Amino acid sequence: ISMCRAFNDQYGTNFICAMPTNLYGPNDNYDPEQSHVMAALIDKFYRAKCENKSAVTLWGTGKPRRELMYVDDAAEAALFLMERYNGNDPVNVGVGEDHSIRELAEMVRDIVGYRGEIQFDTSKPDGVAQKLLDMETLHSLGWRSRTPLREGLRKAHDWYVASPYAPGGRI
């Protein structure tokens, strides 16, 4: 952020710091050891369905809240900012709403078609209680995310099932 400001001031450039929320969608990292929340949930529920498991266990209480944005919307927002924003302040890029991990897990379970239980291991940490961006700047410029969460999750799931990361795929 400081470097962008310095270049803008010294050389008259228009570098922008777009600060995205948690992204998900095609080509996400579905590695069970390194993935972020949405890719991890899709992978976990799909594997449980394929293996006929009776329950999926998630860390924590399910109460923390996360804001999630479909990756194509983030790309659109970046292009929008390049065309319409001339400022030195960072601009948050998100949807402006969040959901609990429990709600997200239930959505993914439904989309995957998994019929088992969701259990929470409260001996494991929850992480940060809430991650929600203030979207005032981007919304005031006239941009809003277009992909509803369920639609984006369905697209991410469909990509995952056809990818080499899904059980039976070739990595």
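Okay, so let's go over this structure. Keep in mind that this is a model prediction, so the values were computed, not measured. Going along each chain's sequence as written, the residues are numbered from 1 onward. Whole-chain, interface and lining totals are the exception, using all residues; otherwise, since this is a predicted model, local features are given only for residues with pLDDT of at least 70 and side-chain atom pairs are given and counted only at 80 or more. Hydrogen atoms and water are omitted, and side-chain values are computed over all heavy atoms in the structure.

Re empty space enclosed by the protein
As a reminder, the rule being used: Two kinds of site are reported from a 1 Å grid over the protein atoms alone, namely cavities, where a 1.4 Å probe fits but cannot get out, and pockets, open sets with protein on both sides within 12 Å along at least five of seven lines, and residues are called lining when an atom falls within 4 Å of a point. Grid points are joined across faces, edges and corners, and a volume is the space filled by probe spheres set on the points. In this description a helix means any DSSP run of H or I spanning at least four residues, a strand means any run of E spanning at least two, and both kinds are numbered starting from the N terminus.
For the structure shown, the criterion picks out 1 cavity of 30 Å³ or more. In this structure, the largest cavity occupies an estimated 30 Å³ of space. Looking at the largest cavity, the residues that line it are Asn22, Leu23, Asp28, His36, Val37, Met38, Ala39 and Leu68. At the level of elements, strand E2 (22-24) and helix H2 (37-50) are the ones that each hand at least two residues to the lining of the largest cavity.

Structural notes on the layout of surface pockets
Approximately 740 Å³ is the volume attributed to the largest pocket. If you trace the largest pocket, you find 24 residues lining it, with Ser35, His36, Val37, Ala40 and Trp59 closest to the centre. Taken together, the elements giving at least two residues each to the lining of the largest pocket come down to H2 and strand E3 (55-59). For the lining of the largest pocket, the element with the highest residue contribution is H2, accounting for 6 residues.

Points about the nonpolar core
Condition: Side-chain atoms within 4.5 Å are what join buried Ala, Val, Leu, Ile, Met, Phe, Trp, Tyr and Cys residues into a set we call a nonpolar core. Buried means the residue's accessible area, taken with a 1.4 Å probe over protein chains only, is under 20% of the maximum for its type, while exposed means over 50%, and partly exposed covers the values in between. Residue contacts are counted whenever heavy atoms from the two residues lie within 4.5 Å of one another.
Core analysis: the largest hydrophobic core is formed by 28 residues, its most contacted members being Tyr24, Met38, Leu41, Phe45, Leu104, Val108 and Leu153. Discounting residues that sit within four places of it in the chain, Leu41 has contacts with Leu58, Leu104, Ala105 and Val108. One finds Met69, Tyr85, Met135 and Leu138 within the second-largest nonpolar core, a separate group that totals 11 residues.

Some details on the sheet that holds strand E9 (residues 130-131)
Rules: By the convention used here, strands pair only if DSSP detects at least 2 bridges between them.
Ordered in space as E7-E4-E9, the 3 strands form an open sheet in which the pairing is mixed. Each edge of the open sheet is held by one strand with a lone partner, namely strand E7 (99-100) and E9. As judged from the 2 bridges shared by strand E4 (residues 65-66) and E9, these two strands associate in the parallel manner. Looking at the pairing, Arg66 lines up with Lys131 of E9.

A closer look at a nonpolar patch on the surface
Using the following cut-off: Patches here are clusters of residues that have more than 30% relative accessible area and form no salt bridge, with a 9 Å joining cutoff for like charges and a 5 Å cutoff for nonpolar side chains (Val, Leu, Ile, Met, Phe, Trp, Tyr). Note on areas: Shrake-Rupley, 1.4 Å probe, and residue coverage restricted to the protein chains presented here. Just to be clear on terms, a salt bridge is a Lys or Arg side-chain nitrogen sitting within 4 Å of an Asp or Glu carboxyl oxygen.
Where nonpolar side chains cluster on the molecular surface, the patch consists of Met3, Phe7, Tyr11 and Phe15 and spans about 450 Å² of accessible area. Mapped onto the elements of the fold, Phe7 is located in helix H1 (residues 2-11). Residue class for Phe7 comes out partly exposed when judged on its relative accessible area of 33%.

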